[in-house]
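Here is how the chains run, residue by residue.
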Amino acid sequence: MMRSVAVIPARYQSSRYPGKPLVKLLGKPMLLWVAELSAKALGQENVYVATDDHRIAEVAQHAGFKAVLTSSGALTGTDRLAEAAESIDADIFINVQGDEPLVDPEDICRVRDLKQASMDTVINGYCWLSEEEDPHSVNLPKVITTEAGHLVYMSRSPLPGYKDAKNAPVHYKKQVCIYAFSKPELKAFRDFGRKSELERSEDIEILRFLELKRPVLMLETRAGSLAVDVPSDVAGVEAALRKKHAC
């Protein structure tokens with residue numbers, strides 16, 4: 001059987017929110033919310049934290065999770081995962097972003113299952129923007145797919161666009177940061193050696209795979225995904241966590 005692991009890339013020096021992986025949500029470091037949910041999906045023995053910071057590694061290890069120390073020069077979280085993957089014996093590497101403390105373990109499993117059935121295709125999640133979310137927000141990568149679900153493009157601009165108001169989209173898709181890769185896909189991503197032009201412009205790392213001509217299949221996940229991108233996101237995410245755990 002193929003072994004699947006969840007790898008949570010975590011860096012301390014986030015440009016928009018330094019120390020973000022360790023910010024406490026309802027008293028628990030955000031990183032551990034994500035690690036515990038990943039463990040529900042794949043088992044604690046299959047969850048790794050990839051980081052260049054000893055503070056993050058110590059928090060993960062103290063909670064019983066494996067930590068892989070990586071270099072400080074990783075261009076993106078996927079580059080960090082690719083570096084960590086060199087020392088992890090697995091077939092499928094699921095990147096679960098450390099700022100998604102409401103990730104659904106069932107979605108992690110569904111991403112894994114689709115990857116097992118499509119080993120030559122990168123898998124990424126998406127869901128629909130809620131009425132409370134602004135499609136013009138640059139913190140929400142919008143997703144454009146073919147009708148069959150393959151990625152065409154992602155942008156921080158509100159896409160798809162329209163010429164005639166009657167054709168304006170009723171709903172927008174947004175990226176959910178659960179990805180599944182094979183080790184060769186990760187190696188190709190890292191070996192590219194730089195951010196692609198579109199990737200750098202949009203600051204969306206999945207776009208590098210378009211330059212590599214690697215297909216990306218988007219899987220719809222549960223609605224309600226909320227990420228912590230900036231400090232002002234914390235209150236809303238904590239409220240969602242309280243609501244979820246009160247049920």
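Predicted model only: the values in this text are computed from it and were never measured.

> Is there a simple way to think about the layout of surface pockets in this case?
The rolling of a water-molecule-sized probe over the atoms marks out the regions of remaining empty space. Of the volumes computed, that of the largest pocket is approximately 1,300 Å³. Of all the elements in the fold, those that place two or more residues in the lining of the largest pocket are β1 (4–10), α3 (77–85), β10 (173–182) and α8 (234–246). The element best represented in the lining of the largest pocket is β10, accounting for 4 residues.

> Any chance you could explain unusual backbone geometry here in plain terms?
Most peptide bonds take the trans configuration, and most residues that are not glycine carry a negative phi. Between Leu159 and the following residue, Pro160, the backbone shows a cis peptide bond with an omega angle of 5°. Among the secondary structure elements, Pro160 is positioned in the loop between β9 (151–155) and β10. Positioned with a positive phi, Leu26 is a non-glycine residue whose angle comes to about 55°. Structurally, the position occupied by Leu26 is in the loop between β2 (24–25) and β3 (28–29). A relative accessible area of 36% means that Leu26 is categorised as partly exposed. Here the phi dihedral of Asp203 falls at roughly 60°; this positive angle occurs in a residue that is not glycine. For Asp203, the position within the fold is in the loop between α6 (197–202) and α7 (208–211).

> How do you make sense of empty space enclosed by the protein when you look at a structure like this?
Under the counting rule described, the total for this entry stands at 1 cavity of 30 Å³ or more. Taken as a whole, the largest cavity holds about 50 Å³ of empty space. Along the lines of polarity and charge, the residues of the lining of the largest cavity split into 4 nonpolar, 2 polar and 4 charged.

> So what exactly am I meant to see when it comes to the pairing of strand β4 (residues 47–51) here?
Within β4, 5 of the 5 residues are buried, which leaves it mostly tucked inside the rest of the structure. Neither face of β4 is exposed, since Val47, Val49 and Thr51 on one face and Tyr48 and Ala50 on the opposite face are all buried. In terms of strand pairing, β4 meets strand β5 (residues 66–69) through 4 bridges, oriented parallel. Following the sheet pairing, Thr51 is matched in β5 by Leu69.

> I'm lost on the state of the cysteines in this one. Help?
Here, disulfide denotes a covalent bond that connects the sulfur atoms of two cysteines. Scanning all chains against the criterion turns up 0 disulfides. Left unpaired, Cys109 is separated from the closest cysteine sulfur, that of Cys127, by 18 Å. A relative accessible area of 18% places Cys109 in the buried class. In this model Cys177 remains outside any disulfide bridge; the closest cysteine sulfur is found in Cys127, 10 Å from its own. Of the residues examined, Cys177 reaches a relative accessible area of 14% and is grouped as buried.

Conventions we followed
- Residues numbered from 1 in each chain as written.
- Predicted model: local features only at pLDDT ≥ 70, side-chain atom pairs only at ≥ 80, totals over all residues.
- Heavy atoms only, no water.
- 1 Å grid on protein atoms, 1.4 Å probe; cavity = no way out; pocket = protein on both sides within 12 Å on 5 of 7 lines; lining within 4 Å.
- Points joined across faces, edges and corners; volume = space filled by probe spheres on them.
- Helix = DSSP H or I, 4+ residues; strand = E, 2+ residues; numbered from the N terminus.
- Buried < 20%, exposed > 50% of the residue type's maximum accessible area, 1.4 Å probe, protein only.
- Nonpolar A, V, L, I, M, F, W, Y, C, P; charged D, E, K, R; others polar.
- Pairing = 2+ DSSP bridges.
- Disulfide = S-S within 2.5 Å.

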